[in-house]
Amino acid sequence: MGIIRKTRSVKALLTEFEQSKTALSTLELVERLHHQMNRSTVYRILERLEDDGILHSFTGLDGLTWYALYPNEGSLHSHHMNTHPHFQCRDCGKTECLSITVPIPKVAKHNVESVSLLLVGRCADCAS
Ligand SMILES: [Zn+2]
Ligand SMILES: [Zn+2]
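First, a word on what this report is: a plain description of the structure on this page. (Residues numbered from 1 in each chain as written. Chains lettered and ligands numbered in written order. Predicted model: local features only at pLDDT ≥ 70, side-chain atom pairs only at ≥ 80, totals over all residues. Heavy atoms only, no water.)

### Here's the deal with the coordination of the zinc ion (ligand 1)
Heads up, the rule is: Atoms of type N, O and S within 2.8 Å of a metal are treated as its donors, and for Na, K and Ca the window is 3.2 Å; water is not considered, so some sites may appear to be missing partners. In this scheme the shape depends on donor count and angles: four donors with every angle between 85 and 135 degrees give tetrahedral, four or six donors with opposite pairs above 155 degrees and others between 65 and 115 give square planar or octahedral in turn, and any other case is irregular. Relative accessible area decides the class of each residue, using a 1.4 Å probe on protein chains only: under 20% of the type maximum gives buried, over 50% gives exposed, and in between gives partly exposed.
For the zinc ion (ligand 1), the full set of protein donor atoms is Cys 89 (SG), Cys 92 (SG), Cys 123 (SG) and Cys 126 (SG), and the range of their distances to it is 2.3 Å. Taken together, the 4 donor atoms coordinating the zinc ion (ligand 1) and their angles of 106 to 114 degrees define a geometry best described as tetrahedral. One chain supplies every donor for the zinc ion (ligand 1), spaced along it as C-x2-C-x30-C-x2-C. Since its relative accessible area comes to 2%, Cys 89 is described here as buried. When its relative accessible area of 47% is taken as the criterion, Cys 92 is described as partly exposed.

### Remarks on the sheet that holds strand β2 (residues 55-59)
Quick note on the threshold: Any two strands between which DSSP finds at least two bridges are classified as paired. Here a helix means four or more residues in a row that DSSP labels H or I, a strand means two or more in a row labelled E, and each is numbered from the N terminus.
The strand order across the open sheet formed by 3 strands is β1-β3-β2, and the pairing between neighbours is antiparallel. Bordering the open sheet on either side are β1 (24-25) and β2, each of which pairs with just one other strand. Pairing of β1 with strand β3 (residues 65-69), which is carried by 2 bridges, proceeds in the antiparallel orientation. In the sheet register, Leu 24 faces β3, and the bridge partner there is Tyr 67.

Take a look at the structure:
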């Protein structure tokens, strides 16, 4: 999977994503990993993993940057296009990729390559 070297830091970071199964903000990641690596290492690895098509990023509420593994390994991943929306819970802050795709609108004379859609509301836990 990709050309990135699986260093100890890369592994630690990927483990966070595999265990949480939701998106993680850079803020959260820096906090969780601060015993193992500094902030700039976290940022550098995130950028490399995104370049490699393993992670993707999006902007959530408050302008925070979030990263997540690709849902539906394969289909979306191979297109290197961010066509699925994200959901952020207003109450608990949980943020996740939704396994649906948003069609990319055709705009005359513009070459649209990706679409970014953030759905905000209450997650299943908070709504009940
Ligand atoms: Zn919630
Ligand atoms: Zn996503």
